[in-house]
Amino acid sequence: MRHSMRILDLAVILVYLIAITWFGARFRKGQATLADYFLGGRHAPWWAISLSIASAETSTLTIVGTPGLSFAGNLGFLQIVFGYLLGRLLISLLFLPHYFSGQMFTAYELMRRRFGERVRRLAAAVFLFTRALAEGVRVFAISLVISIILGTGETASIILIVCLTLFYTFEGGMTAVIWTDVVQMCLYVLGAVVSLFVILSNIPGGWNHVVRVAGQAGKLQIFDFGFSPSMQYFSQKYTFWAGLAGGCFLTMASHGTDQLMVQRLLSARDEAQSRLALLSSWVMIAFQFSLFLAIGVMLYVYYQDRNLVTPGVLDRIYPEFVWRHLPVGVAGLVMAAILAAAMANLSAALNSLASTTVIDFVRRWNGPGSTENEARDLNLARGMTVVWGVILAAIGMLARHWGSVLEAGLSIASVTLGLLLGVFLLGVLTTRVGEWAAIGGVLVGLATILCVRRFTPIAWTWWVLIGSTATFAAGYAASFFVFPATETPA
């Protein structure tokens, strides 16, 4: 009987995978230029871009990793969300006007205009390295879910989901990324809401019992306003000031300088719609983190009530509960929802990595635009999408021993995102800093953050702030000893 039930769940998942792959591949029609492939022709409405931003920001790491954080700790992770809002406000003021001052495909074209080709390529290279590693962790998170569903090894799981996502991303480009994000986000949020009510129905006493047990265990605490200028304080990941400052700088770096997010912002019809999409996406982000943290708290009460043994890997606790305890059909729907988030983020990463490679490293060697060159560049873009699919699959296979998938992904990004934010701030806030001073700032910032990571217990939530501050300060100081800035023609 149980076997037949599993077949129905698997059928739900299979139908979803086939349907979403077919849906994404349909957007190949009408693609004649790189603007069509990488920016969706700038036809997407703001609300679709908003949902796409939120989908990319949460991903499988959120769905798989966030419940484990509240299961083991409390709701303190929400403090970072307030920093996310502040970061969005600063991006809309500092970066968006520059991005819409001319035709741009990537964030790093702004660096070419301000500093020149060397800084552009340096910033683009930092993005490629960071995004590839962080996305490799997310690919590994996918394998945790698929291995639970199919009982397959991690390698087979990674190859399966990468191939399916690669197919529709290769075919549909950025338009496919945005609209599949919309569909997949609606699905995984619905799946999370359903699973929350199912967990609650399995807890005798309902919500009142959850509040009582979780409250006594300190699971409902959100804010920690304490502050101390000590290394012990800065080693704590989730305090209010770490969340506000760390979340703000992390968002400024990830949404303001990381091509994965900037590409979505550039896909809007104009600056006003881009700003609306960015700011409105925060509402969904706050809702999602609250939802998945609440699921983790409920799972804690569920395990306590039944004296169950906690899984050795907390990242498995939510998908394992879904697969083993949710009603037939519902389990398949929720698992499909988790895979939806994985595919949404992976498709966006493939498109942004390919766009940066083609626009910032390859296309500049080609002649002026023509129909022949556009067709050649479009084929090159699709080819690079395949190359990055292979690379991400390989990194995913190496990410098994990197700890919690959510914190691993965020900490990897935090090492280098500060460098990008620092050099972008030098570009938009100063006029005297030139190319070599900016490069020097990046090198000092990198050395600083590597020392912080290697020799101090400072938590990853502070790394972007430290890296961007060191980069900005060193670059500005260096401008007094090297040639002043000169504007590079667009």
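What comes next is a walk through the structure.

About the criteria used
Residue positions are given per chain, counting from 1 as you read along its sequence in written order. Side-chain atom pairs in this predicted model are given and counted only at pLDDT of 80 or more, local residue features only at pLDDT of at least 70, and totals for whole chains, interfaces and linings cover all residues. The side-chain figures draw on all heavy atoms in the structure; neither hydrogens nor water molecules are used. The secondary structure listing takes helices from DSSP runs of H or I that are at least 4 residues long and strands from runs of E that are at least 2 residues long, numbered from the N terminus. Only protein chains enter the calculation, and the probe is 1.4 Å; a residue is then buried if its accessible area is under 20% of its type maximum, exposed if over 50%, and partly exposed in between. It only takes one pair of heavy atoms within 4.5 Å for two residues to be counted as in contact. Per-residue and other accessible areas were derived by the Shrake-Rupley procedure at a 1.4 Å probe size, with only the shown protein chains allowed to occlude residues. By salt bridge we mean one thing: a side-chain nitrogen of Lys or Arg within 4 Å of a carboxyl oxygen of Asp or Glu. Each polar contact in these results corresponds to two N or O atoms within 3.5 Å; when the atoms are within protein, one needs to be able to donate a hydrogen and the other to accept it, and residues that are neighboring in sequence are counted only if both atoms are side-chain atoms. Under this scheme, a helix contributes an axis fitted over its contacting stretch, all axes are lines through C-alpha atoms, and angles between N-to-C directions fall in the 0 to 180 degree range. Throughout, the term roughly parallel applies to angles under 35 degrees, roughly antiparallel to angles over 145, roughly perpendicular to angles from 65 to 115, and oblique to all others. Gly is put with the polar residues, along with every residue not named as nonpolar or charged; the nonpolar set is Ala, Val, Leu, Ile, Met, Phe, Trp, Tyr, Cys and Pro, and the charged set is Asp, Glu, Lys and Arg. What is meant by a nonpolar core is a set of buried Ala, Val, Leu, Ile, Met, Phe, Trp, Tyr and Cys residues, joined one to another through side-chain atoms within 4.5 Å. Residues enter patches when they are more than 30% accessible in relative terms and free of salt bridges; like-charged ones are connected within 9 Å and nonpolar ones (Val, Leu, Ile, Met, Phe, Trp, Tyr) within 5 Å. Pairing of aromatic rings covers Phe, Tyr and Trp, the last through its six-membered ring, and needs centres within 6.5 Å; plane angles under 30 degrees mean stacked, over 60 mean edge-to-face, and all others mean tilted. Sitting over a ring, as applied to charges here, requires NZ of Lys or CZ of Arg to be within 6 Å of the ring centre and within 35 degrees of the ring normal. The length a helix should cover is 1.5 Å for every residue beyond the first.

## Brief notes about the overall build of the protein chain
Piece 1. What the protein chain contains, in helices and strands, is 19 helices and zero strands.
Piece 2. The proportion of buried residues among the 490 residues of the protein chain is 59%.
Piece 3. Expressed as a percentage of contacts within the protein chain between residues at least 6 apart in sequence, the contacts between residues at least 24 apart total 85%.
Piece 4. A total accessible area of about 18,400 Å² is found for the protein chain, and carbon and sulfur atoms account for 68% of it.

## Some thoughts on the pattern of salt bridges
Piece 1. Within this structure, the stated rule accounts for seven salt bridges.
Piece 2. Arg-120 is the salt-bridge partner of Glu-117, the closest N and O atoms lying 3.3 Å from each other. Here the residue Glu-117 and the residue Arg-120 both occupy positions in helix H7 (residues 117-150), the gap between them amounting to three residues, near one helical turn.
Piece 3. For Asp-181, the salt bridge goes to Arg-264, with nearest N and O atoms at 2.7 Å. Taken together, the positions of Asp-181 in helix H8 (residues 154-201) and Arg-264 in helix H12 (residues 259-266) put the pair 83 residues apart, joining distant regions of the chain.
Piece 4. Accessibility expressed as a relative area gives 0% for Arg-264, which makes it buried.
Piece 5. What you see here is one network of salt bridges that share partners, running through Glu-117, Arg-120, Arg-121 and Asp-360.

## A short note on the environment of Ala-44
Piece 1. Relative to the helices and strands, Ala-44 is located in the loop between helix H2 (34-39) and helix H3 (46-72).
Piece 2. Owing to a relative accessible area of 10%, Ala-44 belongs among the buried residues under this scheme.
Piece 3. Expressed as a C-alpha distance, the spacing of Ala-44 and Gln-273, which sit 229 residues apart in the sequence, is 9.9 Å.
Piece 4. Ignoring sequence-local partners within four residues, the contact set of Ala-44 consists of Ile-49, Ile-178, Ser-267, Arg-269 and Gln-273.

## Observations regarding the side chain of Thr-130
Piece 1. Note on placement: Thr-130 falls in helix H7.
Piece 2. On the accessibility criterion, Thr-130 (4% relative accessible area) is buried.
Piece 3. Looking at Thr-130, its side chain comes within polar contact range of the main-chain oxygen of Val-126, at 2.9 Å.

## Brief notes about the packing of helix H4 (residues 79-94) against helix H13 (residues 271-306)
Piece 1. At a closest axis distance of 10 Å, the pairing of H4 and H13 adopts a crossing angle of 175 degrees. Between H4 and H13, the crossing angle belongs to the class labelled roughly antiparallel. Taking contact as the criterion, the partners of Val-81, Tyr-84, Leu-85, Arg-88, Leu-89, Ile-91 and Ser-92 in H4 are, on H13, Arg-275, Leu-278, Leu-279, Ser-281, Trp-282, Ile-285, Ala-286 and Phe-289.
Piece 2. When its residues are assigned to classes, the contact of H4 with H13 shows eleven nonpolar, two polar and two charged.

## Observations regarding the nonpolar core
Piece 1. One finds Tyr-99, Tyr-318, Met-335, Leu-339 and Phe-424 to be the most contacted residues of the largest nonpolar core, which totals 155 residues.
Piece 2. Among all residues touching Tyr-99, those that are not within four sequence positions of it are Met-104, Ala-107, Leu-110, Gly-256, Thr-257, Val-262, Leu-266 and Phe-424.

## Remarks on a nonpolar patch on the surface
Piece 1. Together, Phe-82, Phe-223, Phe-225, Phe-227 and Trp-241 make up a nonpolar patch on the protein surface, roughly 530 Å² of accessible area in all.
Piece 2. With a relative accessible area of 51%, Phe-225 lands in the exposed category.

## Brief notes about the packing of aromatic side chains
Piece 1. Under the definition given, this model contains 23 aromatic pairs.
Piece 2. Measuring from ring centre to ring centre gives 4.8 Å for Phe-225 and Phe-240, while their planes differ by 50 degrees; the resulting arrangement is tilted. Placement of Phe-225 in the loop between helix H9 (206-216) and helix H10 (231-234) and of Phe-240 in helix H11 (residues 240-256) is noted, with a sequence separation of 15 residues between them.
Piece 3. The buried category is assigned to Phe-240, whose relative accessible area is 14%.
Piece 4. A centroid spacing of 4.9 Å and a plane angle of 80 degrees characterise the contact between Phe-240 and Trp-241, whose relative ring orientation is edge-to-face.
Piece 5. An aromatic cluster of at least three residues, connected via ring pairs, comprises Phe-71, Tyr-300, Tyr-302, Tyr-303 and Phe-321.
Piece 6. Taking NZ or CZ as reference, Lys-219 lies 4.4 Å from the ring centre of Tyr-300, over its face.
Piece 7. One cation-aromatic arrangement involves Arg-432 over Phe-480; the distance from NZ or CZ to the ring centre is 4.1 Å.

## So, helix H14 (residues 317-325)
Piece 1. Burial of H14 is extensive: seven of the nine residues sit out of reach of the surface.
Piece 2. Along H14, the residues that are buried comprise Ile-317, Tyr-318, Pro-319, Glu-320, Phe-321, Val-322 and Trp-323.

## Section: H4
Piece 1. Its 16 residues give H4 an end-to-end C-alpha distance of 24 Å, which sits within 8% of 22 Å, the value for a rise of 1.5 Å per residue.
Piece 2. Buried within H4 we find Gln-79, Ile-80, Val-81, Gly-83, Tyr-84, Gly-87, Arg-88, Ile-91 and Ser-92.

## Focus: the environment of Val-328
Piece 1. In this structure, Val-328 sits in the loop between H14 and helix H15 (330-362).
Piece 2. For the pair Val-328 and Asp-9, spaced 319 residues apart in the sequence, the C-alpha separation amounts to 6.2 Å.

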